[in-house]
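# Architecture at a glance
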Amino acid sequence: MSEILLDVQGLKKDFRIDGKHILKAVDDVSFTIRRGETLGMVGESGCGKTTVGRTLLRIYEPDGGKISFDGKDISKISKRQEKELTKKMQMIYQDPYASLNSFYTVEDIIGEGLDIHKLYETKAERRERIIELLNVVGLHRDHMNRFPHEFSGGQRQRIGIARALAVNPEFIVCDEAISALDVSIQAQVINMLTKLQKDRNLTYLFIAHDLSMVRYISDNIAVMYMGKIVEYGPTNEVYLHPMHPYTRGLLEAVPVANPDYTKIHKKTPMIGEVTSPINPKPGCRFASRCPVVMDVCRTTDPHMTESENGHKTCCHKYR
Amino acid sequence: MEPLLNVEDLQVSFQTFAGEVAAVRGVSFQVNKGETLVIVGESGGGKSVSMQAIMGILPMPPARIKGGRITYKGEDILSKSDKEMEKYRGKEFAMIFQDSMTSLNPTMRVGRQMTEGIRKHQKVSAQTAKEIAIDMLRQVGLPNPDKIYKRYPHTLSGGQRQRVMIAIAISSKPSLLFADEPTTALDVTMQAQILDIMNQLKKDTGASILLVTHNLGIVAEMADRIAVIYAGQIVETASARELFFHPKHPYTWGLLGAMPGMETDKSTELYSIKGTPPDMFCPPIGCAFAPRCAYCMEACRKEAPEEYREENGHSTRCWLLDERAPKVEAPTAVIPKPLLNEEEVQ
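Residues numbered from 1 in each chain as written. Chains lettered and ligands numbered in written order. Predicted model: local features only at pLDDT ≥ 70, side-chain atom pairs only at ≥ 80, totals over all residues. Heavy atoms only, no water.

## A closer look at the sheet that holds strand β4 (residues 64–69) of chain A
Residue and element names in this part refer to chain A.
- If you walk across this open sheet you meet the four strands as β2-β1-β4-β5, and the pairing is antiparallel. Edge positions in the sheet fall to β2 (21–34) and β5 (72–73), since each has one partner strand and no second.
- Here 11 bridges tie strand β1 (residues 4–17) to β2, and the two strands are oriented antiparallel to one another. By the bridge assignment, I17 is partnered in β2 with H21. (Pairing = 2+ DSSP bridges. Helix = DSSP H or I, 4+ residues; strand = E, 2+ residues; numbered from the N terminus.)

## A closer look at the interface of chain A and chain B
- Between chain A and chain B, the contact holds 41 residues from the first and 47 residues from the second.
- The largest share of the area that chain A buries against chain B comes from V183(A), Y216(A) and P255(A), three residues that together contribute 17% of it.
- Joining chain A to chain B, the criterion identifies one salt bridge.
- Residue D260(A) pairs with R241(B) through a salt bridge whose shortest N-O separation is 2.7 Å.
- Linking chain A with chain B are six residue pairs in polar contact (both at pLDDT 80 or more), by the criterion used here.
- Of all elements in the fold, only α6 (183–200), α7 (211–217), α9 (245–253) and α10 (259–264) of chain A reach the threshold of two or more residues within the side of chain A that touches chain B. (Contact = heavy atoms within 4.5 Å. Buried area = accessible area lost by both parts, 1.4 Å probe. Salt bridge = Lys/Arg side-chain N within 4 Å of Asp/Glu carboxyl O. Polar contact = N/O pair within 3.5 Å; in protein donor to acceptor, adjacent residues only side chain to side chain.)

## Things to note about the domain arrangement of chain A
Residues and elements named next belong to chain A.
- In terms of domains, chain A is made up of domain 1 (4–88 + 169–314) and domain 2 (96–168).
- Look at where the C-alpha atoms of domain 1 and domain 2 centre, and you get two points 29 Å apart.
- Taken together, the contact between domain 1 and domain 2 spans 17 residues of the former and 15 residues of the latter.
- For the domain 1 and domain 2 pair, buried surface summed over both sides reaches about 1,400 Å², with 68% attributable to carbon and sulfur atoms.
- If you sort the residues of domain 1 by the area they bury against domain 2, P169, M192 and R200 come out on top, with a joint share of 36%.
- At the boundary of domain 1 and domain 2, one finds zero salt bridges.
- At the level of secondary structure, the elements contributing two or more residues to the side of domain 1 that touches domain 2 comprise α2 (79–86) and α6.
- Broken down by element, the side of domain 1 that touches domain 2 gets its largest block of residues, seven residues, from α6. (Domains from an automatic or database assignment.)

## Here's the deal with the confidence of the model for chain B
- Residue-level pLDDT values for chain B average 85, and 98% of them are 70 or greater.
- Overall fold confidence (pTM) sits at 0.84, and the ipTM for the predicted complex is 0.78. (pLDDT = per-residue confidence, 0-100.)

## Describing the pairing of strand β7 (residues 176–180) of chain B
Residues and elements named next belong to chain B.
- Most of β7 sits inside the fold, with five of its five residues counted as buried.
- Residues L176, F178 and D180 of β7 are buried on one face, and the alternating residues L177 and A179, pointing to the opposite face, are buried as well.
- Note that strand β6 (residues 93–96) and β7 share four bridges and pair parallel. Within β7, the residue paired with M95 across the bridge is F178.
- Two elements, β7 and strand β8 (residues 208–213), share five bridges in a ladder whose sense is parallel. Each residue of the ladder has a partner; that of D180, found in β8, is V212.
- In this region the chain leaves β7, passes through helix α8 (residues 188–205) and returns to the parallel neighbour β8; the handedness of that crossover is right-handed. (Buried < 20%, exposed > 50% of the residue type's maximum accessible area, 1.4 Å probe, protein only. Right-handed = clockwise from strand over helix to strand, strands pointing away.)

## Side note on the side chain of T252(B)
- Within the secondary structure, T252(B) is located in helix α11 (residues 250–258).
- For T252(B), the contacting residues outside a window of four places in its chain are V228(B), E236(B), L243(B) and P247(B).

## Quick word on the domain arrangement of chain B
Residues and elements named next belong to chain B.
- On domain assignment, one finds that chain B holds domain 1 (5–228) and domain 2 (247–345).
- The centre of domain 1, based on its C-alpha atoms, is set 29 Å off from the matching centre of domain 2.
- Each partner contributes residues to the interface: domain 1 has 15 residues there, and domain 2 has 12 residues.
- For the pair domain 1 and domain 2, the summed buried surface comes to about 1,100 Å²; carbon and sulfur atoms form 65% of the total.
- For domain 1, the biggest contributors to the area lost against domain 2 are R25, E42 and L216; these three give 45% of the whole.
- The interface formed by domain 1 and domain 2 contains one salt bridge.
- E42 is the partner of R292 in a salt bridge, and the nearest nitrogen-oxygen pair spans 3.5 Å.
- For the pair domain 1 and domain 2, the interface holds one residue pair in polar contact (both at pLDDT 80 or more).

## Section: the sheet that holds strand β3 (residues 38–42) of chain A
All names here are of chain A.
- In spatial order, the strands read β6-β7-β8-β3-β9-β10-β12-β11; together these eight strands make up an open sheet with mixed pairing. A strand with exactly one partner marks an edge of an open sheet, and here the two such strands are β6 (89–92) and β11 (304–306). The sheet shows a mean angle of 20° between the axes of neighbouring strands, taken without regard to direction.
- Examined bridge by bridge, β6 and strand β7 (residues 171–175) share four bridges and lie parallel to one another. The partner of I92 across the bridge, within β7, is C174.
- Across the face of the sheet, helix α5 (residues 153–165) comes into contact with β6 and β7 while running at roughly 175° to β6.
- On top of the sheet, α6 reaches β3, β6, β7 and β8 (203–207); it is set at about 155° to β8, its chief contact. (Axes fitted to C-alpha atoms, helices over the stretch in contact; angles between N-to-C directions.)

Written out as structure tokens, the structure reads:
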């Protein structure tokens, strides 16, 4: 087992709405990621998975809890230390159209990180680094002087990946990094991300709503619902033996690419949708949609319970 | 049996400043009564454009229908005027779009958007129209339909808006429902609910569905027949089971392989299609898929492949099926295994 690179304990992030309501986007979230591994984070939109990623990178200031990166507490640090940190932690964004500055050439987009952290001595060295990065992500050196609009979605995502890799990070948050791409291009990008991980011993937090891709790339899975992790464990364990009713509903909702499967398995789709995370009521947040809800669920918050092989769930059924 | 909708050799191109783009280059397919045909392919393949051409909602110009024939219930609908098409749209045809925020009118309450179509096509009083509308909202599973009736689209969630759009679409009891990536913007849980509603409609009213998607899971769940589209041409058509279990076109193999199955793990690389779809300003000579195809032969670069038809309705546009071509087996790892035998399917 390799060392723990990222240790998050009791992470909280609130947003104020109209000055009086509080939206608890991330509410007491804890997890760890070992070096060289991938944690997949899944859940419906609005469950707080992106906020977790952004808080880790300190795009948002956390409102509580502790984030340790490589053994150091990074939840309360100065601006200067924060800059140091961006060299180690990077992000790949969802939208390959909005996340690249359209006034910059590819060279400048990728080179910006190199400039900020002064990672080169001469102009020639900078160029060399950028050409090398373009090669790594499967682009050509001729692409250097072009602008983002000249590229397809898949190519732009590669530029985004090259930008993230430029500073030689240890940890990358992939926030829905493949959602906007076509199926065949998704497979290309995923193959590239796994190869990079092997070659550079990278650690990923892979945030996505496509459950089949997440299963493929992740070592561990965290399922989020309304700001809380409701189930956590090794990927196959969670996919094959889901415990939390929400995880079961989520997995059942994924359409399987086999026409016989639907004929055999009669689905009972999970009803309703996520309720408002503003000023949530006490009790389990999933209670209103839960098919196996009990009285206790509506009054008391469930706690995380751990079964064997690191599989944890937050549900009154498992106590 | 006469198909409900018959599209023959449809060709659509767009005039742009950079020149003419051939978006649809000879697409043919049929939709029979009560069946779901799914058109699957990547963006830019011409799926949506074909659908819009049938509905008569292509913006012309820049679009131009350069050739082909579309018949609906035996009548040629390409030659119909805009006024005549209005009798079809919203009555015989209904459409569910991908983006519910931009396809609903933000300045109108849900109720007015719904009753507008009902009153126009069903010629009923305002009161009856309202009752029908509220009943439709209930049918798509919206809680408190009379409250939703009075709300504006922006106050609803994405899933709720999508249901409103479906309610509008089915309120006229269409014979043919067009759905263009109806669940792409939604979460899987909401997606499952929406697909369920569509299947229910088909069962209750015997409507046909023409569905466009890129998600093979949805294809498997919905389709009776499947058409795979690539670069403005249909490269393979077959019944759902035939296409999933005996795919013949390398592009179809690529689509199937790009989605990790339940057993694939990180140690096996995903079967991916190399490169990117062709630039439709200058579509390649020969087979459009040739530059990305792992089995490309010399003939593929020179001449567009013929359509090879089998008796069971499976037809494929690929030179590999020619008797002169070397025998190539589909990569077994990408093809799903049948879970039922022929008798059980019946």
